[in-house]
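# Architecture at a glance
Letter by letter, the chains look like this.
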Amino acid sequence: MEKLWIPSDIIPLKIDLTVDELAATYALSECPKIGVQRCRALLSKFHSAETVLHSSLNQLADVAGIRENLAKAIRRCEVTEAHREKARKVREREIHVFHFLNSNYPERLRQIHDAPVLLYSVGEFKPADDRAIAIVGTRSSSKYGHDVTRELVQELVHHGFTIVSGLARGIDTEAHTTALDAGGRTVAVLGSGIDWIYPRENTELARKIANQG
């Protein structure tokens, strides 16, 4: 199998994530047989999803791992109104978007095998958040589990650590809440998408986290 060309040491660029570029990125990611790795390879080569979608067959075939049939499939991909509407909503809601080629993308995450092309966040990242510890646990947690979580989080916040968890019920919720109550910073990594808070009872907690992490 021909190896995809993805630089192992990416020089951060400045990708202008306009509504049009975001919409084109969504369209490219939905092309048949275009997974995360191929999408990253194409963007690493052309630096723009709009450019990828308007490139010739020969230009596309110049990327390792992109054969003729796949290049033709990419040429058939189109930006739809649904893609544009999604991009407009991201911009209107002032959601921060991190492109894997941009300097604001987390460097350690960028190096993994299938790092996502785009990340989304609300709130603010600070340099101090590099000192972070993740605390996750069961959703059906015991009193002992909550007590230990509170004790650990309070001590970690006291020593300047940012608490990372997943906003789920149980231990995750306890970790976030304790960090906020202790005046510390906390980050919630969502599996549900930034526009769909789950569980719904944590909607207010998510808002507080965005104000303090």
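Scroll up to find the structure this text is about.
First things first, this report covers the structure right here in the doc. Values in this document were obtained by computation on a predicted structure and should not be read as measured data.

## Section: the overall build of the protein
Looking only at helices and strands, the protein features ten helices and five strands. Taking the principal axes of its C-alpha atoms as reference, the protein extends roughly 60 × 35 × 30 Å. The proportion of buried residues among the 213 residues of the protein is 40%. For the protein, the share of sequence-separated contacts (at least 6 apart) that also reach a separation of at least 24 residues comes to 67%. In the form shown here, the protein has an accessible surface area of approximately 12,500 Å², with 52% of it arising from carbon and sulfur atoms. Side-chain charges in the protein split into 28 positive and 28 negative, and the spacing between the mean points of these groups amounts to 4 Å.

## Side note on unusual backbone geometry
Pro199 follows Tyr198 through a cis peptide bond whose omega is 0°. Mapped onto the elements, Pro199 comes out in the loop between β5 (186-188) and α10 (203-211). Not every positive phi belongs to a glycine, and Lys33 is a case in point at roughly 70°. On the secondary structure map, Lys33 appears in the loop between α1 (19-29) and α2 (36-46).

## So, helix α6 (residues 81-92)
Here α6 contains twelve residues, and its C-alpha end-to-end distance of 16 Å stays within 8% of the 16 Å for a straight helix at 1.5 Å per residue. All of the buried residues in α6 are His83, Ala87 and Val90. On an axial view of α6, the arc spanned by its buried residues comes to 55°, and they lie on one face. For α6, the exposed residues lying more than 90 degrees away from the buried face are Ala82 and Glu92. In the core, the buried residues of α6 are packed alongside α1, β1 (96-99) and β2 (118-121). Glu94, located one to two residues past α6, shows a positive phi value of around 55°.

## Thoughts on the sheet that holds β5
If you trace the three strands from one edge of the open sheet to the other, you get β3-β4-β5, paired in parallel fashion. The open sheet is flanked by β3 (132-134) and β5, the only strands paired with a single partner. Shown here is a sheet whose adjacent strand axes are inclined to one another by a mean of 25°, direction ignored. Strand direction decides the pairing type here: strand β4 (residues 162-165) and β5, joined by three bridges, are parallel. Paired with Ser165 across the two strands is Ala188, which belongs to β5.

## Quick notes on the pattern of salt bridges
As enumerated under the stated definition, the model contains eleven salt bridges in all. Here Arg88 makes a salt bridge to Glu85, at a shortest N to O gap of 3.0 Å. Pair noted here: Arg88 and Glu85 are both in helix α6, with a separation of three residues, about one helical turn. A relative accessible area of 34% means that Glu85 is categorised as partly exposed. We note a salt bridge from Asp129 to Arg185, for which the minimum N-O separation is 2.9 Å. Here Asp129 is found in the loop between β2 and β3, whereas its partner Arg185 is found in the loop between α9 (171-181) and β5, with 56 residues between them in sequence. Arg185 shares its class with Asp129; the two are buried. Connected through salt bridges with shared partners, the residues Lys143, Asp147, Arg150 and Glu174 form a single ionic network.

What counts as what
- Residues numbered from 1 in each chain as written.
- Predicted model: local features only at pLDDT ≥ 70, side-chain atom pairs only at ≥ 80, totals over all residues.
- Heavy atoms only, no water.
- Helix = DSSP H or I, 4+ residues; strand = E, 2+ residues; numbered from the N terminus.
- Buried < 20%, exposed > 50% of the residue type's maximum accessible area, 1.4 Å probe, protein only.
- Contact = heavy atoms within 4.5 Å.
- Areas by Shrake-Rupley, 256 points an atom, 1.4 Å probe, with all protein chains shown as cover.
- Lys, Arg positive; Asp, Glu negative; His and termini not counted.
- Charge placed at Lys NZ, Arg CZ, Asp CG, Glu CD.
- Expected span 1.5 Å × (residues − 1).
- Arc of directions from axis to C-beta.
- Pairing = 2+ DSSP bridges.
- Axes fitted to C-alpha atoms, helices over the stretch in contact; angles between N-to-C directions.
- Salt bridge = Lys/Arg side-chain N within 4 Å of Asp/Glu carboxyl O.

So yeah, pure geometry; function would need other evidence.
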